[in-house]
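Descriptive structure summary
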Amino acid sequence: MNPDTSASSITRRHFLGAAGLAAGLAASGRLRGASAAAAGSTAPIARVGPREILGFGKPFIHLNLEEAADLVAEVGWDGIDCPVRATLAAIKPERVEEDLPPMVEALKRRGKTVPIVTTDIVRLDARAEKVLRTLAALGIKSYRFGFVRYPKDRPAPQRLQEFSAALRDLSAINRELGLRGGYQNHSGTDYLGATIWELWLAMKDLEPGTVGLCYDIGQAMVEGGLSWPTQMTLLQSQWLAIQIKDFVWENATPRGWDVRWCPLGQGRVTPAVLDTIAYRTFAGPLIQHHEHIPPRMPRAELVASLKREFETLRSWLA
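Residues numbered from 1 in each chain as written. Predicted model: local features only at pLDDT ≥ 70, side-chain atom pairs only at ≥ 80, totals over all residues. Heavy atoms only, no water.

Burial within strand β5 (residues 180–184) is extensive, with 5 of its 5 residues counted as buried. Neither face of β5 is left uncovered, since the one carrying Arg180, Gly182 and Gln184 and the one carrying Gly181 and Tyr183 both have all their residues buried. Here strand β4 (residues 142–144) pairs with β5 via 3 bridges, running parallel. Bridging from a neighbouring strand, Tyr143 pairs with Gly181 of β5. One crossover worth recording links β4 to the parallel β5 by way of helix α6 (residues 156–177), and it is right-handed. One ladder, built from 4 bridges, connects β5 with strand β6 (residues 211–216); its direction is parallel. Counted as the bridge partner of Gly182 is Gly212 from β6. As a crossover connection, the stretch from β5 through helix α7 (residues 196–203) into β6 is right-handed. (Buried < 20%, exposed > 50% of the residue type's maximum accessible area, 1.4 Å probe, protein only. Helix = DSSP H or I, 4+ residues; strand = E, 2+ residues; numbered from the N terminus. Pairing = 2+ DSSP bridges. Right-handed = clockwise from strand over helix to strand, strands pointing away.)

A separate point is the pattern of salt bridges. Following the criterion strictly, the structure yields 19 salt bridges and no others. Glu250 is paired through a salt bridge with Arg260; the nearest N and O atoms lie 2.5 Å apart. Separated by 10 residues along the polypeptide, Glu250 in strand β8 (residues 246–250) and Arg260 in strand β9 (residues 258–262) bring together distant segments of the chain. (Salt bridge = Lys/Arg side-chain N within 4 Å of Asp/Glu carboxyl O.)

Here we come to the packing of aromatic side chains. With the rule as written, the count across this model stands at 9 aromatic pairs. A centroid spacing of 6.2 Å and a plane angle of 90 degrees characterise the contact between Phe247 and Trp249, whose relative ring orientation is edge-to-face. Judged by its relative accessible area of 39%, Trp249 falls in the partly exposed class. Joined through ring pairs, the aromatic side chains of Phe147, Phe163, Tyr183 and Tyr191 make up one cluster. Between the NZ or CZ atom of Arg144 and the centre of the ring of Phe56, over which it lies, the distance is 5.1 Å. Positioned over the ring face of Trp261 is Lys245, at 5.4 Å from the centre of the ring. (Phe/Tyr/Trp six-rings, centres within 6.5 Å; stacked < 30°, edge-to-face > 60°. Lys NZ or Arg CZ within 6 Å of the ring centre and 35° of its normal.)

Here the focus is the nonpolar core. Among soluble globular proteins, nonpolar side chains are generally buried collectively. Ranked by size, the top nonpolar core spans 79 residues in total, and within it Phe60 and Tyr215 carry the most contacts. A total of 7 residues in this core trace back to one element, the largest contributor, which is α6. Once residues within four sequence positions are removed from consideration, Tyr215 is found in contact with Asn185, Ile196, Ala220, Trp228, Met232, Trp239, Ala241, Ile242, Gln243 and Ile277. Of all hydrophobic cores here, the second largest spans 7 residues; its members include Phe56, Ile116, Leu240 and Ala241. (Core = buried A, V, L, I, M, F, W, Y, C linked by side-chain atoms within 4.5 Å. Contact = heavy atoms within 4.5 Å.)

What follows deals with the packing of helix α4 (residues 96–109) against helix α5 (residues 126–138). Contact geometry for α4 and α5: axes closest at 10 Å, N-to-C directions at 30 degrees. Relative to α5, the element α4 lies roughly parallel. Here α4 runs over α5; the crossing is right-handed. Of α5, the residues touching α4 (which contributes Val96, Glu97, Leu100, Pro101 and Val104) are Lys130, Val131, Thr134, Leu135 and Leu138. Each residue belonging to the contact of α4 with α5 can be placed in one class, and the counts come to 7 nonpolar, 1 polar and 2 charged. (Axes fitted to C-alpha atoms, helices over the stretch in contact; angles between N-to-C directions. Parallel < 35°, antiparallel > 145°, perpendicular 65-115°, else oblique. Left-handed = near helix turned anticlockwise from the far one by under 90°. Nonpolar A, V, L, I, M, F, W, Y, C, P; charged D, E, K, R; others polar.)

On to helix α3 (residues 65–75), then. Taken together, the buried positions of α3 are Ala68, Ala69, Leu71, Val72 and Val75. In a view along the axis of α3, the buried residues occupy a sector of 155 degrees, so they form one face of it. Of the surrounding elements, those touching the buried residues of α3 are β2 (79–83), α4 and α11 (299–317). Gly76 sits one or two positions beyond α3 and adopts a positive phi of about 115 degrees. (Arc of directions from axis to C-beta.)

Looking now at the sheet that holds strand β10 (residues 286–288). The sheet built from 8 strands closes into a barrel, its strands ordered β1-β2-β3-β4-β5-β6-β7-β10 with parallel pairing. Going across the sheet, the axis of each strand differs from the next one's by a mean of 30 degrees, ignoring polarity.

Excluding glycine, a negative phi dihedral is what most residues carry, and trans is how most peptide bonds are arranged. Of note, the phi angle at Leu88 is positive, near 50 degrees, even though the residue is not glycine. Residue placement: Leu88 occurs in the loop between β2 and α4. A relative accessible area of 49% places Leu88 in the partly exposed class.

The next thing to look at is the confidence of the model for the chain. Averaged over the chain, the pLDDT score is 87; the fraction of residues at 70 or greater is 83%. This model gives residues 1–45 a pLDDT under 50, and the stretch forms 56 contacts once residues within four places in sequence are excluded. (pLDDT = per-residue confidence, 0-100.)

This part is about the environment of Asp70. Inspection of the secondary structure puts Asp70 in helix α3. On the accessibility criterion, Asp70 (37% relative accessible area) is partly exposed. Spatially, the C-alpha atom of Asp70 lies 7.8 Å from that of Arg110, the residues being 40 residues apart in sequence. Setting aside chain neighbours within four positions, we find Asp70 in contact with Arg110 and Arg299.

Printed below as a string of structure tokens:
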């Protein structure tokens, strides 16, 4: 978000600095202990057993449902995070009642699951309710919200308040349907939730069992710099999933230094980084993202690339 140049405006950075400081002081005791653990405390961490490893379905949305289910089985994931949204998805929201059940069944025949779907839902309306009631009917308990951006024509605090109000409405229907929605932290100048502090402020008074965070470690490291282990603790008890992708910083771009997404194991995300987050008490799915894969990659090449990253992740977890 570009800062407003008027004297009375509150920039996103100023707002988050002041609000984050106040919130941090209020919760200082809890955060001190959590931050110490993230920084390398030798206290034992409770471990959980095997959890699902899923693939995010965006790289193969051009395949039909049988081809997609075959690909999932061939790669070896336990299932997928299925995109159900207006763009970058094989299943459109208006067709969710017709198209999602066959996808679930195709994967089930291969011993695979759809524990979570990615939506573009950012407020409760008729289209959102249709998607959510379909998920509930299929037994899919979790979904990802859509992204929200900061507008240039009004201050960040106002947009954050609007977002929190929309989450209250979604929290209510999630409670009714037995669902849980999660927002993904996403790096960038105008993305709401680029820093976890923003999401903590928006969600801190909401029912944890109905809304939470899809924690993206790659995006968190891009945006959080050296502070990401502390930011990680803010909503750790409300994670729905851990999303895994890798990146490097490059200076050979028209904008100077910028992020390039890369295959897992070739960038900044390492086994040590993953060990910081993946083996805590969280028992939900790990979801592999592949932002570096171009659209419509030939199937054989696509499967080979996905399998390599899946095996990398499995070796790290082992």
